[in-house]
Amino acid sequence: MFKLQENQTTVKTEIFAGMTTFFTMVYIIVVNPAILSNTGIPFEQVFTATIIATAIGTLWMALFANYPIAIAPGMGLNAYFAFSVVGSHGGIDYVTAFSAVFVAGIIFVILSLTAFREKLIEAIPDNLKFGISAGIGLFIAFVGLKNTGIITSNPDNLVGLGNLHSPEVLLALFGLAVSLVLMALNVNGALFFGMIITTIAAFVTGQLSFDKGIFSLPSLPDGVIVANPLEAFADVFQHSLYAVVFSFLLVTIFDTTGTMIGVAEQAGFMRGKTLPNAKNALLSDSIATTIGSMVGTSPTTAYIESTSGVAAGGKTGLTSLTVAVLFILASFLSPLVGAISGVAAITAPALIIVGSLMIGHVAKIKWNEIDEAFPAFLVILTMPLTSSISTGIALGFISLPLMKVAKGKWREVHPIVYIFAVLFFIQLAFLPH
């Protein structure tokens, strides 16, 4: 079913890769409820909704697209939902806000069923694709360094070196060293084994404890939040949430498409400008966004942490099937998963190492041509500095047509790129983000 021999992989390798991806991204089942519960949604509701959306999107990716890419509620999109949408626009509540997410999800499904998103992948210039991959690599490496305290805020220069004597930093550096040694020795599942060893070290040093036990039953206190599609569309019209729907749609399309390109480039799935079986791959996040909004979570996206599984040897949908099964099991193990994912030093080394692998795409950028180099540079620079994949992509899409027009090469730019340059400019200049 997963064509393991054809892809030169094994069941053992795929399962290890899935476990690696799971442990690098499972923080979302703790972080997402923490952010969205600020709007009044019960923590348990978002916890279970996060797992439902993740399992459905990732299972679709596994069974219909056969890619080792996981889907889950997107960071940034949840903060936009919680702090920019709920309470604004006439004081709308979270139920009405989920209606906007649902409508964006339905439009997203329709776009994914057409050739539009596939055409979009083909329309993105190669140098921007390489810039997106490299920028995402820097972004997730920065997240890993920041979450462990190796890099910290600095009043004089925004960021600076953290306290290298703190237990968490020492644990992260230990985990990074162990993982790098295992990778240098070409150990299959090096990132996963690095996490296991770091978890044991965290437990021995008292940084990891299981005070809240291990098991708990999942629940949905609010039940199904968006039960009637017609009411959802009526809410959007009644509260004039067109800008909100547009923002969700635009950011999700490019967050996911950009991330998918990044992972596909890293794993060697791209065939020239095209991604084989792209339609099914792109349907996974739109379906997950729609169903997730019904039970209580913000839009989903392809997870860049999937690259950690790819780095561990994952090449097929069996990797993402493993991720989906582990998330379903995690719904009964929330205290255990919460404890492990709560120690950033355990998962951060994988993010830092994957970042180093992804930055290699800068070698493919045409640095001797300013109209190709600068938009890619802008993407790479702004993704980590704005903590937003979609903002980096937006600035790349805006700057590339401008540079091409200035050089008299406007015919080289696909019409879709011009359209999205205008849309991104409108979004950055006039809409909340």
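The preceding data block contains the structure.
Definitions and limits used
Residues numbered from 1 in each chain as written. Predicted model: local features only at pLDDT ≥ 70, side-chain atom pairs only at ≥ 80, totals over all residues. Heavy atoms only, no water. Helix = DSSP H or I, 4+ residues; strand = E, 2+ residues; numbered from the N terminus. Rg over C-alpha atoms; globule rule 2.2 N^0.38 Å. Buried < 20%, exposed > 50% of the residue type's maximum accessible area, 1.4 Å probe, protein only. Contact = heavy atoms within 4.5 Å. Lys, Arg positive; Asp, Glu negative; His and termini not counted. Charge placed at Lys NZ, Arg CZ, Asp CG, Glu CD. Arc of directions from axis to C-beta. Pairing = 2+ DSSP bridges. Salt bridge = Lys/Arg side-chain N within 4 Å of Asp/Glu carboxyl O. Phe/Tyr/Trp six-rings, centres within 6.5 Å; stacked < 30°, edge-to-face > 60°. Polar contact = N/O pair within 3.5 Å; in protein donor to acceptor, adjacent residues only side chain to side chain. Core = buried A, V, L, I, M, F, W, Y, C linked by side-chain atoms within 4.5 Å. Expected span 1.5 Å × (residues − 1). Axes fitted to C-alpha atoms, helices over the stretch in contact; angles between N-to-C directions. Parallel < 35°, antiparallel > 145°, perpendicular 65-115°, else oblique. Left-handed = near helix turned anticlockwise from the far one by under 90°. Nonpolar A, V, L, I, M, F, W, Y, C, P; charged D, E, K, R; others polar.

A. Focus on the overall build of the protein. Scanning the protein for helices and strands turns up 19 helices and four strands. A globule of 433 residues ought to have a C-alpha radius of gyration of about 22 Å, and the protein, at 21 Å, matches this closely. Classification of the 433 residues of the protein by burial places 56% in the buried group. The long-range share in the protein, meaning contacts at least 24 apart out of those at least 6 apart in sequence, stands at 81%. Across the protein, the mean location of the 17 positive side-chain charges is 13 Å away from that of the 21 negative side-chain charges.

B. The arrangement of unusual backbone geometry in detail. The backbone of Lys-3 sits at a positive phi, close to 55 degrees, despite the residue not being glycine. Considering the arrangement of structural elements, one finds Lys-3 in the segment before helix H1 (11-25). Backbone geometry places Ser-240, a non-glycine residue, at a positive phi of 50 degrees. For Ser-240, the position within the fold is in the loop between helix H10 (229-238) and helix H11 (242-267). On the accessibility criterion, Ser-240 (42% relative accessible area) is partly exposed.

C. A look at helix H2 (residues 28-36). Listed as buried for H2 are Ile-28, Ile-29, Asn-32, Pro-33, Ile-35 and Leu-36. Summarising the axial view, the buried residues of H2 lie within an arc of 165 degrees, below the 170-degree limit, and thus occupy one face.

D. Main features of the pairing of strand E3 (residues 158-161). Note that strand E2 (residues 151-154) and E3 share four bridges and pair antiparallel. Its bridge partner lying in E3, Asn-154 is registered against Leu-158. Between E2 and E3, which pair antiparallel and follow one another directly, the connecting turn spans three residues.

E. Local environment of the side chain of Lys-129. In this fold, Lys-129 is placed in helix H7 (residues 126-148). It is Asp-126 that comes nearest to the buried, bridge-free Lys-129 among opposite-charge side chains, at 4.2 Å. When neighbours within four sequence positions are excluded, Lys-129 is seen to be in contact with Ile-121, Ile-124, Ile-261, Glu-265, Met-270 and Lys-273.

F. Examining the packing of aromatic side chains more closely. Applying the stated rule across the entire model yields 18 aromatic pairs. Plain terms: the ring middles of Phe-22 and Phe-327 are 5.1 Å apart, the flat faces sit at 80 degrees to each other, and that makes the pair edge-to-face. In this pair, Phe-22 sits in helix H1 while Phe-327 sits in helix H14 (residues 317-330), placing the two residues 305 residues apart along the sequence. Each of the two residues, Phe-22 as well as Phe-327, counts as buried. Three or more aromatic residues link up through ring pairs in this structure, and these residues are Phe-16, Phe-22, Phe-23, Phe-192, Phe-193 and Phe-327.

G. Region of the structure containing the environment of Asn-66. Here Asn-66 shows up in the loop between helix H3 (43-65) and strand E1 (71-73). Take Asn-66: its relative accessible area is 18%, and that puts it in the buried class. When the C-alpha positions of Asn-66 and Val-295 are compared, they lie 26 Å apart, and in sequence the two are 229 residues distant. Residues contacting Asn-66, with those up to four places away along its chain left out, are Met-1, Phe-2, Asn-7, Met-61, Lys-315, Thr-316, Gly-317 and Leu-318. Of note is the side chain of Asn-66, whose polar atom sits 2.7 Å from the backbone nitrogen of Gly-317.

H. Examining the nonpolar core more closely. Phe-254, Leu-275, Phe-397 and Phe-424 are the most contacted members of the largest nonpolar core, which has 66 residues in total. The element that contributes the greatest number of residues to this core is H11, accounting for eight residues. Apart from the residues within four sequence positions on either side, Phe-424 is in contact with Leu-250, Phe-254, Ser-390, Ile-393, Ala-394, Phe-397 and Ile-398. Core analysis: the second largest hydrophobic core is formed by 28 residues, Leu-77, Val-85, Phe-102 and Leu-241 among them.

I. Local environment of the environment of Thr-386. As for its placement among the helices and strands, Thr-386 is situated in helix H17 (residues 370-386). Given a relative accessible area of 37%, Thr-386 falls into the partly exposed group. Residues Thr-386 and Phe-139, spaced 247 residues apart in sequence, show a C-alpha to C-alpha distance of 9.2 Å. Here the side chain of Thr-386 touches Thr-382 through a polar contact of 2.6 Å, landing on its backbone oxygen.

J. Representation of H11 within the structure. Helix length check: H11, at 26 residues, gives a terminal C-alpha distance of 37 Å against a target of 38 Å (1.5 Å per residue), a fit within 8%. A large share of H11 lies buried, amounting to 21 of its 26 residues.

K. Quick look at the pattern of salt bridges. With the rule as written, the count across this model stands at four salt bridges. Ionic pairing is found between Lys-409 and Asp-371, a salt bridge with its closest N-O pair at 3.4 Å. Separated by 38 residues along the polypeptide, Lys-409 in the loop between helix H18 (389-406) and helix H19 (415-430) and Asp-371 in helix H17 bring together distant segments of the chain. We classify Asp-371 as buried; its relative accessible area is 1%. Note that Lys-404 is salt-bridged to Glu-372, the shortest N-O span being 2.8 Å. In this pair, Lys-404 sits in helix H18 while Glu-372 sits in helix H17, placing the two residues 32 residues apart along the sequence. By relative accessible area, Glu-372 is classed as buried at 10%. What you see here is one network of salt bridges that share partners, running through Asp-371, Glu-372, Lys-404, Lys-409 and Glu-412.

L. Representation of the packing of helix H4 (residues 77-85) against H11 in the model. Direction vectors running N to C along H4 and H11 enclose 165 degrees, while the axes themselves pass 11 Å from each other. In terms of axis orientation, H4 runs roughly antiparallel to H11. For H4 against H11, the interelement crossing comes out right-handed. Of the residues in H11, those touching H4 at Leu-77, Tyr-80, Phe-81 and Val-85 are Ala-243, Val-244, Ser-247, Phe-248, Val-251 and Thr-252. Along the lines of polarity and charge, the residues of the contact of H4 with H11 split into eight nonpolar, two polar and no charged.

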